[in-house]
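# Structure at a glance
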Amino acid sequence: MALLPYSLARSFLFSLDPEHAHELTLDTIARLQNTPAQCLWAQPRISDPVTVAGLRFPNRIGLAAGLDKNGRCIDGLGAMGFGFIEVGTVTPLGQPGNPKPRMFRLPARNALINRLGFNNEGLSAFVANVQRAHSFRKAGGLVGLNIGKNAATPIERAADDYLLALDGVYPHADYVTVNISSPNTKNLRELQGDGPLGALLGALRLRRDDLAKRLGRKVPMFVKIAPDLDEEQIAAIARALREQGLDGVIATNTTLARDAVQGLPHADEAGGLSGAPVFEASNRVIRALRAALGPDYPIIGVGGVLSGADARAKREAGADLVQVYTGLIYRGGPLVPECAQALAGR
């Protein structure tokens with residue numbers, strides 16, 4: 001059990017600007033991970049091994065990309081009991097992201113709005129950080145690396161950035177996620193369209209196959225999609241995933257919808273809304289994907305998980321694995337074993 005109750009840390013962190021609190025937390029974890037002080041937040045991992053996409057996950061609960069964009073805190077975050085950690089999104093070149101302020105809490109709905117815009121230090125720094133992580137993987141944890149395109153790259157040249165990023169992360173990843181669903185990079189979600197998606201995934205699959213031959217290992221590749229898709233769009237994505245030989249899908253990213261938070265402070269801020277308000281939307285997409293893709297296709301469910309019951313609902317909707325992010329901010333580390341225990345044996 002963690003020595004520091006999260007209720008105490010949360011009171012302090014929620015008194016700060018959200019992005020400052022985020023960076024302070026990551027800086028602290030980065031400094032203290034793999035030291036005796038890690039006992040402040042470390043928790044035993046629930047053992048519930050499962051094989052998905054050819055990978056053996058220690059349990060079904062993972063951290064979603066976006067919290068640790070530069071991969072600095074893999075070991076420290078992993079100590080909370082996660083079966084897998086996904087870091088990024090990384091772009092080939094470092095970029096500052098969108099102007100501040102760009103992160104907003106909506107506590108009344110256990111939600112966040114962010115318009116960070118793939119702020120990260122770039123591929124070289126990211127890979128160096130991933131290479132430094134050791135204890136989480138030594139204990140059996142898996143690490144997913146999430147890739148995107150630079151904001152300055154025209155959308156018609158997006159594949160160039162994804163291919164560069166894939167080349168860089170492939171040797172260091174247990175799985176790779178192709179992020180085409182952030183609402184905070186201009187025109188990025190256009191890549192979810194039937195034609196552009198097929199072309200992008202086809203190019204990535206060919207490059208992945210080449211890397212697998214050269215390096216002697218096939219790394220599963222997932223695609224992360226948005227919750228703001230209609231049934232026809234979901235069906236088209238499912239076809240493209242099958243046709244292009246992708247290994248799995250992550251559903252979903254943040255939403256642009258604001259119905260659930262109307263009238264709340266910050267509700268009209270631009271950006272992606274995460275947390276409780278996206279829960280049902282993501283479950284809808286998961287159910288549609290499961291129906292379209294069949295019982296065996298790997299699906300990672302994410303969006304609005306704030307309890308073990310929420311994690312079970314994701315599983316019941318059709319997800320094989322479940323990720324958390326905003327829930328971790330509102331509930332803290334205890335959410336991880338709660339969710340893992342809720343899914344144990346399911």
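Residues numbered from 1 in each chain as written. Predicted model: local features only at pLDDT ≥ 70, side-chain atom pairs only at ≥ 80, totals over all residues. Heavy atoms only, no water.

Attention shifts here to the pattern of salt bridges. Within the structure shown, the criterion is met by 15 salt bridges. Across the pair arginine 102 and glutamate 19 runs a salt bridge whose closest N-O atoms are separated by 2.8 Å. A residue pair is termed long-range when its members are at least 10 positions apart, and arginine 102 in the loop between β5 (93-95) and β6 (103-106) and glutamate 19 in helix α2 (residues 18-32) qualify at 83 residues. Residues arginine 102 and glutamate 19 agree in their burial class; the two are buried. Of the charged contacts in the structure, one is a salt bridge between aspartate 247 and arginine 208, with a shortest N-O distance of 2.7 Å. Note that aspartate 247 is positioned in the loop between α8 (231-243) and β12 (248-251) and arginine 208 in helix α7 (residues 194-215), a separation of 39 residues in sequence. Given a relative accessible area of 16%, aspartate 247 falls into the buried group. Looking at arginine 208, the relative accessible area reads 2%, which means it is buried. (Salt bridge = Lys/Arg side-chain N within 4 Å of Asp/Glu carboxyl O. Helix = DSSP H or I, 4+ residues; strand = E, 2+ residues; numbered from the N terminus. Buried < 20%, exposed > 50% of the residue type's maximum accessible area, 1.4 Å probe, protein only.)

The next point concerns helix α6 (residues 158-169). Between the first and last C-alpha of α6 there are 17 Å, a value that for twelve residues agrees with the 16 Å anticipated at 1.5 Å per step. Of all the positions in α6, only Ala158, Asp161, Tyr162, Leu163, Ala165, Leu166, Gly168 and Val169 are classed as buried. (Expected span 1.5 Å × (residues − 1).)

A few words on the side chain of glutamine 95. Inspection of the secondary structure assignment puts glutamine 95 in strand β5. In this view, glutamine 95 contacts Gly117, Phe118, Asn119, Asn120, Lys149, Asn150 and Ala151; residues no more than four positions away in its chain are not counted. (Contact = heavy atoms within 4.5 Å.)

Strand order in this closed barrel of eight strands is β3-β4-β9-β10-β11-β12-β14-β15, and the pairing throughout is parallel. For this sheet the average axis-to-axis angle between neighbouring strands, irrespective of direction, equals 25°. Both strand β3 (residues 61-63) and strand β15 (residues 321-324) contribute to a ladder of three bridges, which runs parallel. Its bridge partner lying in β15, isoleucine 61 is registered against valine 322. Against the sheet, helix α9 (residues 279-293) makes contact with β11 (221-225), β12 and β14 (299-302), and its axis sits at roughly 160° relative to β12, the strand it touches most. (Pairing = 2+ DSSP bridges. Axes fitted to C-alpha atoms, helices over the stretch in contact; angles between N-to-C directions.)

Moving on to the sheet that holds strand β7 (residues 111-114). Strand order in the open sheet formed by three strands is β6-β7-β13, and the pairing between neighbours is antiparallel. For this open sheet the edge positions go to β6 and β13 (272-275), each flanked by a neighbour on one side alone. Neighbouring strand axes in the sheet, compared pairwise and without regard to direction, differ in orientation by 20° on average. Strand direction decides the pairing type here: β7 and β13, joined by four bridges, are antiparallel. Bridging from a neighbouring strand, asparagine 114 pairs with glycine 272 of β13.

Among the residues of helix α10 (residues 308-317), Gly308, Asp310, Ala311, Lys314 and Ala317 are the ones counted as buried. Contacts made by the buried residues of α10 are with β3, α9, β14, β15 and α12 (335-343).

This brings us to the pairing of strand β9 (residues 142-147). Buried residues dominate β9, accounting for six of its six residues. The two faces of β9 match: Leu142, Gly144 and Asn146 on one face and Val143, Leu145 and Ile147 on the other face are all buried. Two elements, strand β4 (residues 84-90) and β9, share five bridges in a ladder whose sense is parallel. Paired with valine 87 across the strands is leucine 145, a residue of β9.

So, on to the packing of helix α4 (residues 123-132) against α6. Contact pair α4 / α6: the axes reach a minimum separation of 10 Å and the direction vectors enclose 25°. One element, α4, and the other, α6, form an angle in the roughly parallel class. α6 is crossed by α4, and the crossing has right-handed handedness. Here α4 contributes Leu123, Phe126 and Val127 to the contact with α6, which in turn contributes Leu164, Ala165, Gly168 and Val169. A class-by-class count of the residues in the contact of α4 with α6 yields six nonpolar, one polar and no charged. (Parallel < 35°, antiparallel > 145°, perpendicular 65-115°, else oblique. Left-handed = near helix turned anticlockwise from the far one by under 90°. Nonpolar A, V, L, I, M, F, W, Y, C, P; charged D, E, K, R; others polar.)

Attention now moves to the environment of alanine 158. Relative to the elements of secondary structure, alanine 158 occurs in helix α6. Sequence separation between alanine 158 and valine 302 is 144 residues; the distance between their C-alpha atoms is 25 Å.

In β14, alternate side chains face the same way, and those of Ile299 and Gly301 on one face and Ile300 and Val302 on the other are all buried. Relative to β15, β14 is paired through three bridges, and the arrangement is parallel. Within β15, the position partnered with isoleucine 300 by the bridge is leucine 321. For the crossover from β14 across α10 to β15, the handedness is right-handed. (Right-handed = clockwise from strand over helix to strand, strands pointing away.)

Moving on, we come to the packing of aromatic side chains. Note on aromatic pairs: each is described by the distance of the centres and the angle between the planes. The full count for this structure, using the stated rule, is four aromatic pairs. Aromatic side chains phenylalanine 14 and tyrosine 330 sit 5.4 Å apart centroid to centroid with 80° between the ring planes, which places their arrangement in the edge-to-face category. Residue phenylalanine 14 is located in the loop between α1 (6-13) and α2, and its partner tyrosine 330 is located in helix α11 (residues 326-331); the two are separated by 316 residues in the primary sequence. You can call phenylalanine 14 partly exposed: its relative accessible area is 22%. Judged by its relative accessible area of 5%, tyrosine 330 is buried. With a centroid separation of 5.0 Å and 80° between ring planes, the pair formed by phenylalanine 57 and phenylalanine 84 is classed as edge-to-face. Placement of phenylalanine 57 in strand β2 (residues 55-57) and of phenylalanine 84 in strand β4 is noted, with a sequence separation of 27 residues between them. For phenylalanine 84, a relative accessible area of 0% puts it in the buried group. Connected via pairs of aromatic rings, a cluster forms that spans Phe57, Phe84, Tyr175 and Phe222. A cation over a ring is seen here: arginine 10 above phenylalanine 14, with NZ or CZ 4.4 Å from the ring centre. (Phe/Tyr/Trp six-rings, centres within 6.5 Å; stacked < 30°, edge-to-face > 60°. Lys NZ or Arg CZ within 6 Å of the ring centre and 35° of its normal.)

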